[in-house]
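Each chain, letter by letter, is given below.
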Amino acid sequence: MEKNIALEKALQEAVDKAEVGTKVNITMSGDPVITSVEMIFKGGWVVNQDILPGKSLELTKGEDGYLETINITLKNFDGLQSA
C-alpha cells in the first residue's frame, strides 16, 4: 500500500474551496488501483471508503472545523490469483 500525499492535498483543497451545502465529486483516474479514503472528524467519527478505479467519491460540504484529516492509500492489486 502506498500513501498518496498529493491526492490527499487535492481532495482537501477541493473540500476547502466548496461552499457549505454543495457537493464535492472527486473521480479517481490514473493507475487501475483501489483507492482507500479515510476521513476523520471531530468527536471521533471516522469514515472509510474504498473506491474502485473509474469511480468517484461524492460528499456534501458541511460546516468548517469538523473534518480533521483525510488519509488516502493506494492499494496494490496484482489481479486475480489462482490458488
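Residues numbered from 1 in each chain as written. Predicted model: local features only at pLDDT ≥ 70, side-chain atom pairs only at ≥ 80, totals over all residues. Heavy atoms only, no water.

Q: Now, about the overall build of the protein chain: what can you tell me, with residues and values included?
A: Across its full length, the protein chain holds 1 helix and 6 strands. Walking the protein chain from its N terminus toward its C terminus, one meets helices and strands in the order β-α-β-β-β-β-β. Across the 83 residues that make up the protein chain, the buried fraction comes to 25%. Intrachain contacts of the protein chain at a sequence separation of at least 6 include 71% that bridge at least 24 residues. On the protein chain, roughly 6,000 Å² of surface is accessible, and the fraction owed to carbon and sulfur atoms is 52%. (Helix = DSSP H or I, 4+ residues; strand = E, 2+ residues; numbered from the N terminus. Buried < 20%, exposed > 50% of the residue type's maximum accessible area, 1.4 Å probe, protein only. Contact = heavy atoms within 4.5 Å. Areas by Shrake-Rupley, 256 points an atom, 1.4 Å probe, with all protein chains shown as cover.)

Q: Lay out the environment of Asp 50 with the relevant residues and their values.
A: One can find Asp 50 in strand E4 (residues 46-51). Judged by its relative accessible area of 44%, Asp 50 falls in the partly exposed class. Residues Asp 50 and Ser 36, 14 residues apart in the sequence, show an inter-C-alpha distance of 4.3 Å. In contact with Asp 50, not counting residues within four places along its chain, are Ile 34, Thr 35, Ser 36 and Lys 75. Here the side chain of Asp 50 touches Ser 36 through a polar contact of 3.2 Å, side chain to side chain. A polar contact of 3.0 Å, which involves the side chain of Asp 50, links it to the side chain of Lys 75. (Polar contact = N/O pair within 3.5 Å; in protein donor to acceptor, adjacent residues only side chain to side chain.)

Q: Requested: an account of the pairing of strand E2 (residues 23-27), with residues and values cited.
A: Because side chains alternate across E2, one face comprises the buried residues Val 24 and Ile 26, and the other comprises Lys 23, Asn 25 and Thr 27, none of which is buried. Note that E2 and strand E5 (residues 56-60) share 5 bridges and pair antiparallel. The residue of E5 that forms the bridge with Val 24 is Leu 59. (Pairing = 2+ DSSP bridges.)

Q: Account for helix H1 (residues 5-17), with residues named and values stated.
A: Here H1 spans 18 Å end to end across 13 residues, near enough to the 18 Å set by a 1.5 Å rise per residue. Within H1, burial applies to Glu 8, Leu 11 and Val 15. Seen from one end, H1 has its buried residues packed into an arc of 70°, which puts them on one side. Among the exposed residues of H1, those oriented more than 90 degrees off its buried face are Ile 5, Ala 6, Lys 9 and Lys 17. (Expected span 1.5 Å × (residues − 1). Arc of directions from axis to C-beta.)

By themselves, these observations are geometric and do not establish any function.
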